[in-house]
Amino acid sequence: MSLPHLSSGEVASVLPLGKQLTQTPSAALFKEHRLEVMRMVLPAGKQVGSHSVAGPSTIQCLEGEVEIGVDGAQRRLHQGDLLYLGAGAAHDVNAITNASLLVTVVLVDRGGS
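Remember, predicted model here, so these are calculated numbers, not experimental data.

What counts and what doesn't
Residue numbers restart at each chain and count upward from 1, following the sequence in its written direction. Restriction of local features to residues with pLDDT of at least 70 applies here, the model being predicted, together with a cutoff of 80 or more for giving and counting side-chain atom pairs; totals for whole chains, interfaces and linings are based on all residues. Only hydrogens and water are set aside; all other atoms, that is, all heavy atoms of the structure, feed into the side-chain values. DSSP-based pairing: two strands are paired if at least 2 bridges between them are found. Numbering goes from the N terminus for both helices and strands, where a helix is a DSSP run of H or I of at least four residues and a strand is a run of E of at least two. Lines are fitted to the C-alpha atoms to define the axes, a helix being fitted only along its stretch in contact, and any angle between axes, read from their N-to-C directions, falls within 0 to 180 degrees. We define the nonpolar core as a collection of buried residues of types Ala, Val, Leu, Ile, Met, Phe, Trp, Tyr and Cys that are connected through side-chain atoms lying within 4.5 Å of one another. The cut-offs for exposure are 20% and 50% of the maximum accessible area for each residue type, with area from a 1.4 Å probe on protein chains only; residues under the lower value are buried, those over the upper are exposed, and the others partly exposed. In what follows, residue pairs with any heavy atoms lying within 4.5 Å of each other are defined as contacts.

For the sheet that holds strand E3 (residues 47-51), give the residues involved together with the corresponding values.
Read across the open sheet, the 4 strands follow the order E3-E8-E5-E6; overall the sheet is antiparallel. Every interior strand has two partners, whereas the edge strands, E3 and strand E6 (73-78), have only one. Strand-to-strand, the axes of this sheet are offset by a mean angle of 20 degrees, without reference to chain direction. One ladder, built from 5 bridges, connects strand E5 (residues 65-70) with strand E8 (residues 91-95); its direction is antiparallel. Across the sheet, residue Gly 69 finds its bridge partner in E8, namely Asp 92.

With reference to specific residues and values, describe the sheet that holds strand E1 (residues 27-31).
Strand order in this open sheet of 5 strands is E1-E2-E9-E4-E7, and the pairing throughout is antiparallel. Either end of the sheet is taken by a strand with one partner, and the two such strands are E1 and strand E7 (82-85). Taken over all neighbouring pairs, the strand axes of this sheet differ in orientation by 15 degrees on average, direction set aside. Direction of pairing for strand E4 (residues 57-63) relative to E7: antiparallel, over a ladder of 4 bridges. Bridging from a neighbouring strand, Gln 60 pairs with Leu 82 of E7.

Mind laying out the nonpolar core, listing which residues take part and the relevant values?
With 18 residues, the main nonpolar core has Ile 59, Val 66, Ile 68, Leu 77 and Leu 101 as its most contacted residues. Of all the secondary-structure elements, those providing two or more residues to this core are strand E2 (35-42), E4, E5, E7, E8 and strand E9 (99-106). The dominant element in this core, judged by the number of residues it contributes, is E9, at 4 residues. Not counting the four nearest positions on each side in its chain, Leu 77 is found in contact with Ile 59, Cys 61, Gly 64, Glu 65, Val 66, Ile 68 and Leu 83.

Quick rundown of the environment of Leu 101? Include the residues and the values.
Along the chain, the position of Leu 101 falls in strand E9. As a C-alpha pair, Leu 101 and Glu 63 span 38 residues in sequence and 7.2 Å in three-dimensional space. Excluding residues that lie within four positions of it along the chain, Leu 101 makes contacts with Met 38, Arg 39, Met 40, Leu 42, Ile 59, Gln 60, Cys 61, Leu 62, Val 66 and Val 93.

Which residues make up the pairing of E3, and what are the values?
Burial runs low along E3: only 0 of the 5 residues are buried. Two strands pair when backbone bridges link them, and E3 and E8 are joined in this way by 3 bridges, in the antiparallel orientation. By the bridge assignment for E8, Val 48 is matched with Val 93.

In short, geometric facts, not functional conclusions.
Written out as structure tokens, the structure reads:
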């Protein structure tokens, strides 16, 4: 069952989930023509393999601790840290502890417009 996306003007909380983290699924908060924002929930030990997106993106650590592999280096994010990734930057994610991330992606029209 998919969660509904936010409507324009609607408010959503991105406060740390705390004890509810392990029972909360990852979810897209909204997706528009050029922008997608999602909350990614990762239990400790969860890995997301190397991937990239066409447009620039940010990963903000809302709680916990993750390690992001990018450009041949490991970047460790703690609560409150934000990582910028340029368009097409290959990266992987490893949850060191239970973590939730706010991921923002600028969507690029692959058709060239």
